[in-house]
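The lines below spell out each chain.
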Amino acid sequence: MLIDGKQMHIQIQKGDIGRYVILPGDPGRCGKIARYFEEPKQIAQNREYTLWTGRLDGVSVAVCSTGIGGPSAAIALEELVECGADTFIRVGTSGGIVDEVCGGDIVIATAAIRQEGTSREYLPIEFPAAADFSVVAALREAAVRLGLTHHIGVIQSKDSFYGEIRPAQQPVAEELLAKWKAWKAAGALTSEMETAALFIVAQVLHVRCGAVLNVLWNADNDEAPNIPPDASERGVRAAVEALRILIREDGAQA
């Protein structure tokens, strides 16, 4: 939806960005991510949406925050696609589920458990929230090149942060704990709040989307986050390198 020629929420128009976009949740991370770009420039800021543009290997790229949770992330993706973007990498934080996923690791999502509500307004629950294979492959190659400890597989997306942190206090504690036990038994790697919605919206709009998640702690094994000093940068570095790989594979022109 346009207002005065600009998208209602992200406040940009077609031509302001190129094909490739990194999607953090936190607006405060956008400027830090843009430091990896050539010629970084902030172009918009409205509500939870902050946008910077720049170049990688001479090709236009952007970073746009999505806020917390599926609804605001879906809005960002819809409006970015309207402005011409078609390749997205979510970079976020998460809490490890299976025991081998630890603080400081990164997780590359192949798919996301749809324990959230936004994606249900796009597709029936039977439709899987799956990442684009080419983006997953680029993220894996990037992690290997950078020497980052990484895991690849299914993650969980939910709507309630504190439903995970202190489920026993919720009236639906029994249901939350039973599902968590099931996700862990099946090998789900980590938990966060936006990826399932992004993957489903990307499927509906026929664009590419992947996700790389910085693990801050293991939700079952750590009493409090044990965050390595550069933890939040690890996923960013992987996303930037993955975009470089995709740009080369796509033969994208400046």
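Since this is a predicted model, take the numbers as computed values, not measurements. (Residues numbered from 1 in each chain as written. Predicted model: local features only at pLDDT ≥ 70, side-chain atom pairs only at ≥ 80, totals over all residues. Heavy atoms only, no water.)

1. Topic: the pattern of salt bridges
In total, this model carries 14 salt bridges according to the counting rule given. In this structure, Lys-184 engages Asp-220 in a salt bridge whose closest nitrogen and oxygen atoms are separated by 2.8 Å. Placement of the pair is Lys-184 in helix 5 (residues 173-186) and Asp-220 in the loop between strand 12 (208-218) and helix 7 (231-250), with a sequence separation of 36 residues. Residue Asp-220 is classed as partly exposed on the basis of its relative accessible area, which comes to 38%. Ionic contacts of the salt-bridge type, sharing partners, join the residues Arg-19, Asp-86, Arg-208 and Asp-250 into one network. (Salt bridge = Lys/Arg side-chain N within 4 Å of Asp/Glu carboxyl O. Helix = DSSP H or I, 4+ residues; strand = E, 2+ residues; numbered from the N terminus. Buried < 20%, exposed > 50% of the residue type's maximum accessible area, 1.4 Å probe, protein only.)

2. Things to note about helix 6 (residues 195-205)
The periodicity of an α-helix, 3.6 residues per turn, causes residues three or four places apart in sequence to face the same way. The buried count for helix 6 comes to eight of 11 residues, which makes it a mostly enclosed element. Every buried residue belonging to helix 6 is among Thr-195, Ala-196, Ala-197, Leu-198, Phe-199, Ile-200, Val-201 and Ala-202, and all of these are buried. Once helix 6 ends, the next one or two residues include His-206, with phi positive near 60 degrees.

3. Here's the deal with the packing of helix 3 (residues 133-146) against helix 7
Where helix 3 contacts helix 7, the two axes come as close as 8 Å, and the packing angle between them is 120 degrees. Compared by their axis directions, helix 3 and helix 7 come out oblique. Of the two elements, helix 3 crosses helix 7, and the hand of that crossing is right-handed. Between helix 3 and helix 7, the residues in contact are Ser-134, Val-135, Ala-138, Leu-139, Glu-141, Ala-142, Arg-145 and Leu-146 and Arg-237, Ala-238, Ala-239, Glu-241, Ala-242, Ile-245, Leu-246 and Arg-248, respectively. When its residues are assigned to classes, the contact of helix 3 with helix 7 shows 10 nonpolar, one polar and five charged. (Axes fitted to C-alpha atoms, helices over the stretch in contact; angles between N-to-C directions. Parallel < 35°, antiparallel > 145°, perpendicular 65-115°, else oblique. Left-handed = near helix turned anticlockwise from the far one by under 90°. Contact = heavy atoms within 4.5 Å. Nonpolar A, V, L, I, M, F, W, Y, C, P; charged D, E, K, R; others polar.)

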